[in-house]
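Structure at a glance
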Amino acid sequence: MKKALKVMAVAAILMFATSESLMAQFKFGVKASGTMNNMFLEMDSSSTVKRAPVFGFNVGVMGEFFVSDNISVGAELVFAQQGLKRTSTYDENGAYGSYSSESEMVFRTNHINLPVLLRFYVGGLAIELGPQVSFCFGGKEKNKWSDCYTYGGETEYYSSDTTMTLADIEKESQQYCKEFGLSDYKFWNRINVGATLGLSYNLENGLFFGARYTYDFTNFFNNFEVKNDLARKVDMKSHYGVLQVSVGFKF
């Protein structure tokens, strides 16, 4: 009985020492970021179309495990706002009059991002890189446009200001595509895969600051065209690019 108690005591001490060692290698943290979001679109070749960044934020939790004094592997679970802004103008002058139009589209999406990062430390400075999986669970598109017609000395103005959810846009597109034989159309890809590269500076008290850039390899949008009374999918080449500046705390 005494030997059994001694063995149990030694085992408990070893387990405690091991857990203390593992906990010393693991850090948990929280972070918040301001983001500048843009999207690389195939259709932006026109000189009348301009893209501008959309600003957002993200907030989440993180964990980091040190495999050595200078190298760690970490993961984050982050809620993020992303988006894009596009404006376009058009002018046409003819023998009988003129036509001009302006439009603005602001698109915002909500994401849960999961980056997995390898960090290399030099003192408090860390280089971080790795893949990221992003799940989009909704968003909104706001469109404004105005037209001006001048014919025969008379001018007419038209304008519109509408807001639609991502789900509503997809529903309308699916119904339209079904009429032309494309029944499995999806307006956007909910799961996107990208890569992240950044720098962070870590203070001894747990406070850290960081900046990173993430580029998604997955096309976010899907497109379609109707040709010869049949609808087919078209690759739009639409990829998010997100720059973020963060502040956080590790425990």
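You'll find the structure just up there.
Residues numbered from 1 in each chain as written. Predicted model: local features only at pLDDT ≥ 70, side-chain atom pairs only at ≥ 80, totals over all residues. Heavy atoms only, no water.

1. Points about the environment of F55
Along the chain, the position of F55 falls in strand β3 (residues 54-66). With 19 residues separating them along the chain, F55 and M36 place their C-alpha atoms 4.7 Å apart. With near-sequence residues (within four places) excluded, F55 lies in contact with T35, M36, N37 and R108. (Helix = DSSP H or I, 4+ residues; strand = E, 2+ residues; numbered from the N terminus. Contact = heavy atoms within 4.5 Å.)

2. Remarks on the pairing of strand β11 (residues 230-234)
As defined by bridge partners, strand β10 (residues 223-227) adjoins β11 across five bridges and the pair is classed as antiparallel. Opposite K227, over in β11, you have L230 as the bridge partner. Joining the antiparallel neighbours β10 and β11 is a turn of two residues, in which N228 adopts a positive phi near 55°. (Pairing = 2+ DSSP bridges.)

3. Description of the environment of G248
Mapping G248 onto the fold places it in strand β12 (residues 238-250). A C-alpha to C-alpha distance of 6.5 Å links G248 and F209, two positions 39 residues apart in sequence. Those residues in contact with G248, other than ones at most four positions away along the chain, are V30, K31, G206, L207 and F208.

4. Details of the packing of aromatic side chains
Within the structure shown, the criterion is met by 19 aromatic pairs. Relative to Y215, the ring of F40 lies with its centre 5.8 Å away and its plane at 55°, an arrangement referred to as tilted. Separated by 175 residues along the polypeptide, F40 in strand β1 (residues 26-41) and Y215 in strand β9 (residues 207-216) bring together distant segments of the chain. According to the relative accessible area criterion, Y215 is partly exposed, its value standing at 28%. (Phe/Tyr/Trp six-rings, centres within 6.5 Å; stacked < 30°, edge-to-face > 60°. Buried < 20%, exposed > 50% of the residue type's maximum accessible area, 1.4 Å probe, protein only.)

5. Notes on the nonpolar core
Judged by nonpolar contacts, the single largest core of 18 residues is most densely connected at M39, L84, F107, L166, F187, F220 and F221. Of all the elements in the fold, those that place two or more residues in this core are β1, β5 (97-122) and α2 (166-179). Sequence-distant contacts of F187, defined by excluding residues within four places in its chain, comprise L166, I169, E170, S173, F220, F221 and N222. (Core = buried A, V, L, I, M, F, W, Y, C linked by side-chain atoms within 4.5 Å.)

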